[in-house]
Amino acid sequence: MGYGYDVLFYGNEPEPLGNNYMYLVYINDVLYSDTISEITFANDEFVNGMYVSDYQVYRIREADIADGGSKVTLEMYSITANYFDFLNALMLETVWKGSPWDGPPANVPGNISNGARGYFRASEVRRRSREFEVLPRIN
């Protein structure tokens, strides 16, 4: 079992229904969630208009926090429903694949034309940083 630190989100989720979010984590200003399989993304289907507390956005491995502490930054991006669907499709074709019941591989639909693959997006971003300190382990 690995030890680590949870990055938790607290805040009001605005109405109306249909908001989508993506979260990135930085440690000491270096992107920690640096691959598509390590980002977190969510929608407001179950929390529309509510106060969100203790939402685990990310887990940082204990070894990745320096002994003297580290600055951890959480970035929250507002993304479109189409980009949320793109992320889901991309994960379904890559990381979340591997069972005997998976369908055949398929191209992930994007919004770039002329035969290119991918997605162009622009997002509003909110950013908060906190200092994490290594705590002595009790057990």
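Refer to the structure above for everything that follows.
For clarity, every value in this text was computed on a predicted model and none was experimentally measured.

The next subject is the overall build of the protein. Summing up its helical and strand segments, the protein has one helix and seven strands in all. Listed N to C, the secondary structure of the protein is β-β-β-β-β-β-α-β in terms of helices and strands. On the principal axes, the C-alpha backbone points of the protein span a range of 55 × 40 × 30 Å. The buried share of the protein, taken over its 139 residues, is 29%. When contacts within the protein are restricted to residue pairs at least 6 apart in sequence, long-range pairs at least 24 apart make up 75% of them. Of the accessible surface of the protein, which amounts to about 9400 Å², a share of 53% is contributed by carbon and sulfur atoms. Side chains of the protein carry 11 positive and 19 negative charges; the gap between the two charge centres is 4 Å.

To continue, consider the packing of aromatic side chains. For the structure on display, the rule yields eight aromatic pairs. Seen from their ring centres, Phe-41 and Phe-84 are 5.6 Å apart, and the 75 degrees between their planes marks the pair as edge-to-face. With Phe-41 in strand S4 (residues 40-43) and Phe-84 in helix H1 (residues 81-93), the pair connects residues that are 43 residues apart, well separated along the chain. What makes Phe-41 buried here is its relative accessible area of 14%. Between Tyr-83 and Tyr-119 the ring centres are 5.0 Å apart and the planes differ by 50 degrees, which places this aromatic pair in the tilted class.

Moving on: the side chain of Glu-13. With respect to the helices and strands, the residue Glu-13 is situated in the loop between strand S1 (4-12) and strand S2 (20-27). Buried charge without a partner: Glu-13 forms no salt bridge, and the closest opposite charge is Arg-126, 12 Å away. In this structure the side chain of Glu-13 is engaged in a polar contact, spanning 2.9 Å, whose partner is the side chain of Asn-19. A polar atom in the side chain of Glu-13 sits 2.6 Å from the side chain of Tyr-21. Residues in contact with Glu-13, not counting those within four places in the same chain, are Asn-19, Tyr-21, Asp-44, Val-47, Asn-48, Gly-49, Met-50 and Val-52.

What counts, and at which threshold
- Residues numbered from 1 in each chain as written.
- Predicted model: local features only at pLDDT ≥ 70, side-chain atom pairs only at ≥ 80, totals over all residues.
- Heavy atoms only, no water.
- Helix = DSSP H or I, 4+ residues; strand = E, 2+ residues; numbered from the N terminus.
- Buried < 20%, exposed > 50% of the residue type's maximum accessible area, 1.4 Å probe, protein only.
- Contact = heavy atoms within 4.5 Å.
- Areas by Shrake-Rupley, 256 points an atom, 1.4 Å probe, with all protein chains shown as cover.
- Lys, Arg positive; Asp, Glu negative; His and termini not counted.
- Charge placed at Lys NZ, Arg CZ, Asp CG, Glu CD.
- Phe/Tyr/Trp six-rings, centres within 6.5 Å; stacked < 30°, edge-to-face > 60°.
- Salt bridge = Lys/Arg side-chain N within 4 Å of Asp/Glu carboxyl O.
- Polar contact = N/O pair within 3.5 Å; in protein donor to acceptor, adjacent residues only side chain to side chain.

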